[in-house]
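# Chains, contacts and geometry: an overview
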Amino acid sequence: MKRTNSQNIWLKRQKKDVFVKLSKAKGYRSRAAFKLIEINKKFKIINQNSKVVDLGASPGGWTQVVAELQNKKNQIIAIDKKQMEPIESCKFIYDDISNFLKYNETLERNYFDVILSDMAANSSGHRFTDQANAEKIYYLAQNFALKYLTKNGSFVCKFFRNSLEKTILQNIKQRFSLVKIYKPNSSRKDSKEIYLIAIGFNNLHKD
Ligand SMILES: C[S@@+](CC[C@H](N)C(=O)[O-])C[C@H]1O[C@@H](n2cnc3c(N)ncnc32)[C@H](O)[C@@H]1O
């Protein structure tokens, strides 16, 4: 099958990328694993006993990192609309988060210490559509966090720099005691992706 130009560029970049090489060497399923390693080194969000939900978990790099940080006592909940190979001590839920929020009541509310979201939509090639999809995904993750985080819990979420950034930050600052924006070194410099780090959920506004 003939590759498109952008597929060729992507392949070339993958071959040169140090984090792709490192993830293979260390047995991580994705280079994204290093972003969570960096985030946790800096903000110390996940510890041995944290109860964690990983949204948009597939293929499982972040879940692998969480599993390594823990003592296997806790079950990590990983959710994705794409299937994922099993990981020890992880319960995988195959679902779209928008469906999950509407119909699934199997998880206990206000129970989890950490909600992670590395969810992203595939690019459509249209700037405005991509931006609208990215915003929709961000708010799905935020709604999930507000419903399932316990008091003082933390929310780590990928989002893309855009016009809504200010509004997102203003809103989230009312719910958490510390809010930071962080771009890990392993996040590609040419990507608009950044991570919202929100610590100390106040759980004041019950929806
Ligand atoms: C960048 S990948 C996540 C990589 C993962 N953190 C890792 O370390 O391997 C983004 C994931 O978000 C998932 N995703 C996007 N929108 C979603 C939605 N509405 N519900 C569930 N998963 C979603 C995609 O299926 C995809 O697997």
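Further up the page is the structure itself.
This text gives an overview of the structure that appears in the document.

Definitions and cut-offs
- Residues numbered from 1 in each chain as written.
- Predicted model: local features only at pLDDT ≥ 70, side-chain atom pairs only at ≥ 80, totals over all residues.
- Heavy atoms only, no water.
- Buried < 20%, exposed > 50% of the residue type's maximum accessible area, 1.4 Å probe, protein only.
- Helix = DSSP H or I, 4+ residues; strand = E, 2+ residues; numbered from the N terminus.
- Pairing = 2+ DSSP bridges.
- Right-handed = clockwise from strand over helix to strand, strands pointing away.
- Axes fitted to C-alpha atoms, helices over the stretch in contact; angles between N-to-C directions.
- Parallel < 35°, antiparallel > 145°, perpendicular 65-115°, else oblique.
- Contact = heavy atoms within 4.5 Å.
- Nonpolar A, V, L, I, M, F, W, Y, C, P; charged D, E, K, R; others polar.
- Phe/Tyr/Trp six-rings, centres within 6.5 Å; stacked < 30°, edge-to-face > 60°.
- Lys NZ or Arg CZ within 6 Å of the ring centre and 35° of its normal.
- Polar contact = N/O pair within 3.5 Å; in protein donor to acceptor, adjacent residues only side chain to side chain.
- Near = heavy atom within 4 Å.
- Areas by Shrake-Rupley, 256 points an atom, 1.4 Å probe, with all protein chains shown as cover.

### Here's the deal with the pairing of strand β4 (residues 112-117)
- Of all six residues that make up β4, five are buried, and the element is covered over most of its length.
- In this structure, strand β1 (residues 52-55) lies alongside β4, joined through four bridges in parallel fashion. Looking at β4, one finds that Leu55 is bridged to Ser117.
- In the sheet, β4 pairs with strand β5 (residues 149-160) via five bridges, with the strands oriented parallel. Bridge assignment links Phe112 to a residue of β5, and that residue is Leu149.
- Considered for its hand, the β-α-β crossover made up of β4, helix α6 (residues 127-148) and β5 is right-handed.

### Quick notes on the sheet that holds β5
- Read across the sheet, seven strands follow the order β3-β2-β1-β4-β5-β7-β6 without closing on themselves; strand pairing throughout is mixed. Strand pairing shows two members of the sheet lacking a second neighbour, β3 (90-94) and β6 (176-182), which therefore form its edges. Strand-to-strand twist of the sheet, defined as the mean angle between neighbouring strand axes without regard to direction, takes the value 15°.
- For strand β2 (residues 76-80) and β3, the ladder comprises five bridges, and the chain directions are parallel. The residue of β3 that forms the bridge with Ile79 is Ile93.

### Points about the packing of α6 against helix α7 (residues 165-173)
- Two numbers describe how α6 lies on α7: the axes approach to 12 Å, and their chain directions differ by 5°. Put simply, α6 runs roughly parallel to α7. Together, Tyr138, Tyr139 and Gln142 of α6 and Ile168, Asn171 and Ile172 of α7 make up the contact between the two elements.
- Taken together, the residues of the contact of α6 with α7 break down into four nonpolar, two polar and no charged.

### Quick word on the packing of aromatic side chains
- The tally for this structure, following the rule as stated, stands at 13 aromatic pairs.
- Geometrically, the ring pair formed by Tyr138 and Tyr139 is edge-to-face, given 5.2 Å between the ring centres and 75° between the ring planes.
- Three or more aromatic residues link up through ring pairs in this structure, and these residues are Tyr138, Tyr139, Phe155, Phe159, Phe176 and Phe201.
- Above the face of the Tyr111 ring, Lys51 is positioned so that its terminal group lies 4.9 Å from the ring centre.
- One residue, Arg127, lies across the ring of Phe128, its end atom 4.8 Å from the ring centre.

### Points about the side chain of Asn74
- Mapped onto the elements, Asn74 comes out in the loop between α4 (61-69) and β2.
- A relative accessible area of 15% means that Asn74 is categorised as buried.
- A distance of 2.8 Å separates a polar side-chain atom of Asn74 from the backbone oxygen of Asn49.
- Looking at Asn74, its side chain comes within polar contact range of the main-chain oxygen of Ser50, at 3.4 Å.
- Setting aside anything within four residues of it in sequence, one finds Asn74 in contact with Gln48, Asn49, Ser50, Lys51 and Ser89.

### Digging into the site of the ligand
- Taken together, the neighbourhood of the ligand is formed by 21 residues, with Ser30, Gly61, Trp62, Asp80 and Asp118 sitting nearest.
- A distance of 2.9 Å separates an oxygen atom of the ligand from a polar atom in the backbone of Trp62.
- Side-chain polar atom of Asp80 to an oxygen atom of the ligand: 2.7 Å apart, as the coordinates give it.
- In isolation the ligand exposes 600 Å². Once the protein is present, 90% of that is buried.
- Mapped by element, the contributors of at least two residues to the shell around the ligand are α4 and α6.
- The residue inventory of the shell around the ligand, partitioned by class, reads nine nonpolar, five polar and seven charged.

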